[in-house]
Every structure is written in structure tokens, then in C-alpha cells.
Amino acid sequence: MRICCLVLWLLPTFLLAVPDSLVYRLKMVDHGLNLNFNGVNFSFVFKDDNTDLWIYQPGDNYKYALRNYNDQSWKNFSSDFDTDDAEGKFTGLGWFRLHFRAGKEFVGKPFMIRASHNGASEIFLDGTLAQTFGHVAADPLEEIAEQPGDVFFPITVNDTLEYVIAVRYSNASFKTYEKKFYVERVGFSLRFYQFEDMLTMQLMTRFQHYFFIGISTFLFALALVHLMIFLFERSRRFNLYHSFFVISLSLLFLLPVITTLLDRPMAIFRLQYYSDALIPTFFISALTLLYNLFQKKLNKFYYICLGVYLLTLIMKYVFNTGAGFFYISLFFMMYIGSTIISIKAIRRNFRGAKIVGVGVLGVTIFTILALLAVIILQDKGLILSIV
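This write-up is about the structure you can find in this document. Please read these numbers as outputs of a predicted model, since none were measured by experiment. (Residues numbered from 1 in each chain as written. Predicted model: local features only at pLDDT ≥ 70, side-chain atom pairs only at ≥ 80, totals over all residues. Heavy atoms only, no water.)

The secondary structure content of the chain amounts to 10 helices and 12 strands. Burial statistics for the chain: of 387 residues in total, 42% are counted as buried. In the chain, once contacts between residues fewer than 6 apart in sequence are set aside, the share between residues at least 24 apart is 74%. In the structure as shown, the chain presents an accessible area of about 21,000 Å², 62% of it carried by carbon and sulfur atoms. (Helix = DSSP H or I, 4+ residues; strand = E, 2+ residues; numbered from the N terminus. Buried < 20%, exposed > 50% of the residue type's maximum accessible area, 1.4 Å probe, protein only. Contact = heavy atoms within 4.5 Å. Areas by Shrake-Rupley, 256 points an atom, 1.4 Å probe, with all protein chains shown as cover.)

Structure below.
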């Protein structure tokens, strides 16, 4: 039982610590940019010594996909732009072009590309259609938006000459996404991988999904057991609080898997929007469980935390503003309260108090290391967005 409790306390730390699959590093060379995508070096060609990778043209014309099309008048514009960048430039549909060359050692070898966006796209290599996601249209009623997810597609370069990737891209509903779900991302990104890296990523993703589903199923079954015990013996309220705590943790593991199974941005945003209630529910259920274990009586601090929890939900789903402040406040209040309860319980030699203390310590260590990593890596320029 003690081992089970320890695992339950440390699982949230593991969930938060799952990193992005890869870190991309950039190095400026002359007027170009050498990019290392998992060992694959590309030399990108820039216009007017500008380091923006992409050039952009509003409107719609399939001539823009041709390799020899004259794009000298196009403006440099990041492909992964947000609502502020879109103001006055992007109205729902436009074309992006990217000029690049590959080294001799990569000629004739396939590169796998993974796209990411909330709209629809048609991706061309030197005028030849390479991949389509959804249906591109400037009208929200005609557009079929699609998130590419884990879909990879290949491109092959046959020489060291200049190639052009052109993307016909639409995100006609980006204003709706921002208004209803606070999604500020409008543009897209492309990431390059070697074939072997793609296979490794797919294998790791599949393993991660199976692991998350297994953990979620186990936790859900455990929650049902405690709930059934409570229904048969109402005096043992610990089982009720424990079931709430475990089932919220179970859903936190399951949601990332469900999200990857969806490809329509609207469905994903709705799921993420309403599932935002899970984390504050997890916070308050964890604090309630600790009070029931070691305090036996709810004090003013707990009721203040409960009030902040309710305010978080009200501000999020009723007033649609200001929820972030209460969300952060609830986290720190839960953390401080859990720490104080754990220390008092350890001093009084309560059974299981040391296990809870290990969980709190794990969250503390992870938080400190995460903050240090962000500060150090950003200073060294290792955390960068490839767009």
C-alpha cells in the first residue's frame, strides 16, 4: 500500500516532466543559416540578409508553387505566426515559400517532414504536390481544418541545387479560435527528420501511448474500488476523497492520448478547454485527501483554497477572464498546504507521512530543475523555435 501511495504521488511529477522529443539548434553562418535537424544539415537561402526562413504573399495563385517563380517582391514572414502578427497581413489564406539546399551527403536520401498547424495546407516541392492536410479555403464554411498530428511525409533532393518548398495555407477560423478558446497561434511549422529518427519517434510515441493508457486504466480501476468501498461504508470518507484524487489523475494521463486521436482543431480545442478544470480539481482533491489523512478537520486555510478553486472555475467558464491568476494561486496554496501538513505529520510520526513527504519533495525538485533549465538553456540559445 505504501508503494502504491508513493507511485500516485510521484506520477504527476513524471507527467509534467515529459519533454519535447527533440531540441533544435541554430548557428548563424555568413548571410545564411546552418540548421541541424537530427544530424541533417541544410543551408537556407535568405533575402536581403534577413534571417526569417519563410517569405509570404497573401492571395491565392498556384503559380506561387513553381520553382522558378519570381518571388523577389515577397516579404519575409515567420510561418508560425500568431494573431498579433496576422493583423493586417493574413486574412485567412496565403502562400509561403522556403528556399534551401542540401549537402552532398544527403542527396538522394529521403527526408521526413512533420507539419503542425490549426488550419489546412497544401505543401509543394518545386511545384509538385507533396502532401495535403484538410481542405484549403479562405471561407470558414468551406475550409476543412486538420491538425497533422503524427503524420510524416517524405521529400527527396537529387542534387545540391536550390529547392523551393511552397505552402498554400489557410486558417480561416483563427479569429474564432482566439475568441472562444484563447488560441493565438495562426500559422504553421515544418520540422525535418531523417527516416531513422522518424521510426524512433513513432516507436517512442506508441510506447508512451500504451504506457499512459495502462496507467490511466489502473488508476481508474483503483478509483472505482475506493468509490465502491465508500458507497458500502459511508463513514469512511477517505475512500471518497481518494477516488476523486485518483480519477482526476487518471484522466490527466488519458487526455493526451485522446487528443492525438483527434485531427479537427475545433474538437481538440473544445476538449482542452473543458479539460482545463481537471488540474485545479486534482489540486483541491489532493489537498482534501491530505487533510482527511492527517488533520481530520478542515480549517480556514482549506476553505480559502476551496474558494479559490471555485473562483478558478467561475472565472474560466463564466466570465472567461482572469482564471490564470486563481489557477496559479491555487497551485501555490496547495503546494504550501501540502508541505505544511506533511511536515507536521512527519513530526507526529503519522503512518504514511514520509511517503507523502517524498511526493512533495519530488514536485519541489522538479519545479526547481525545470526553472533552472529554462533560464540556463535560454541564455545559451538552445531553446529555439524552428519556423
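That was the structure; now back to the text.
Once that is clear, we can look at the pattern of salt bridges. Enumeration over the complete set of coordinates arrives at 9 salt bridges. Of the charged contacts, one joins aspartate 60 and arginine 168 as a salt bridge, the two residues approaching to 2.8 Å between their closest N and O atoms. A residue pair is termed long-range when its members are at least 10 positions apart, and aspartate 60 in the loop between strand E4 (55-58) and strand E5 (75-76) and arginine 168 in strand E11 (residues 163-170) qualify at 108 residues. The class for arginine 168 is buried, based on a relative accessible area of 8%. Linking arginine 67 and aspartate 126 is a salt bridge whose minimum nitrogen-to-oxygen distance equals 3.4 Å. Residue arginine 67 is located in the loop between E4 and E5, and its partner aspartate 126 is located in the loop between strand E8 (120-125) and strand E9 (128-133); the two are separated by 59 residues in the primary sequence. (Salt bridge = Lys/Arg side-chain N within 4 Å of Asp/Glu carboxyl O.)

Okay, the environment of leucine 93 next. In this fold, leucine 93 is placed in strand E6 (residues 93-102). For the pair leucine 93 and glycine 119, spaced 26 residues apart in the sequence, the C-alpha separation amounts to 9.5 Å.

Together, Leu310, Leu311, Ile314, Val318 and Phe319 give the surface a local cluster of nonpolar side chains, amounting to about 450 Å² of exposed area. Along the chain, the position of phenylalanine 319 falls in the loop between helix H8 (300-317) and helix H9 (323-347). (Patch = residues over 30% accessible without salt bridge, like charges linked within 9 Å, V, L, I, M, F, W, Y side chains within 5 Å.)

This brings us to the sheet that holds strand E7 (residues 110-117). The strand order across the open sheet formed by 3 strands is E10-E7-E12, and the pairing between neighbours is antiparallel. The open sheet terminates on both sides in strands that have one partner only, identified here as strand E10 (152-156) and strand E12 (188-194). Along the sheet, successive strands turn relative to each other by an average axial angle of 35°, direction set aside. Across 7 bridges, the pairing between E7 and E12 is antiparallel. Considered in E12, the bridge of isoleucine 113 is made with phenylalanine 192. Packing against the sheet, helix H4 (residues 195-232) makes contact with E7, E10 and E12, and its axis sits at approximately 105° to E12. (Pairing = 2+ DSSP bridges. Axes fitted to C-alpha atoms, helices over the stretch in contact; angles between N-to-C directions.)

A word on the packing of aromatic side chains. For the coordinates displayed, the defined rule picks out 41 aromatic pairs. An angle of 25° between the planes, with centres 5.6 Å apart, marks the rings of tryptophan 95 and phenylalanine 124 as stacked. With tryptophan 95 in strand E6 and phenylalanine 124 in strand E8, this pair connects stretches of sequence that are 29 residues apart. Given the relative accessible area of 7%, phenylalanine 124 is considered buried. Among the aromatic side chains, those forming a connected cluster through ring pairs are Trp54, Tyr56, Phe77, Phe81, Phe90, Phe96, Tyr169, Phe174 and Phe188. Here the basic side chain of arginine 67 rests over the ring of tyrosine 163, its NZ or CZ set 5.0 Å away from the ring centre. If you follow arginine 97 out to its NZ or CZ, it ends over the ring of tryptophan 74, 5.8 Å from the centre. (Phe/Tyr/Trp six-rings, centres within 6.5 Å; stacked < 30°, edge-to-face > 60°. Lys NZ or Arg CZ within 6 Å of the ring centre and 35° of its normal.)

A cluster of acidic residues, Asp84, Asp85, Glu87, Glu178 and Glu184, forms a negative patch at the surface. Note that aspartate 85 resides in helix H2 (residues 83-86). Taking relative accessible area as the criterion, aspartate 85 reaches 37% and is therefore assigned partly exposed. (Lys, Arg positive; Asp, Glu negative; His and termini not counted. Charge placed at Lys NZ, Arg CZ, Asp CG, Glu CD.)

Their axes nearest at 10 Å, the elements helix H7 (residues 278-295) and H8 cross at an angle of 165°. The orientation of H7 with respect to H8, classified from their angle, is roughly antiparallel. Seen along the crossing, H7 lies across H8 with a hand that is left-handed. Of the residues in H8, those in contact with Pro280, Thr281, Ile284, Leu287, Thr288 and Tyr291 of H7 are Phe301, Tyr302, Cys305, Leu306, Tyr309 and Thr312. Tallied by class, the residues present in the contact of H7 with H8 amount to 9 nonpolar, 3 polar and no charged. (Parallel < 35°, antiparallel > 145°, perpendicular 65-115°, else oblique. Left-handed = near helix turned anticlockwise from the far one by under 90°. Nonpolar A, V, L, I, M, F, W, Y, C, P; charged D, E, K, R; others polar.)

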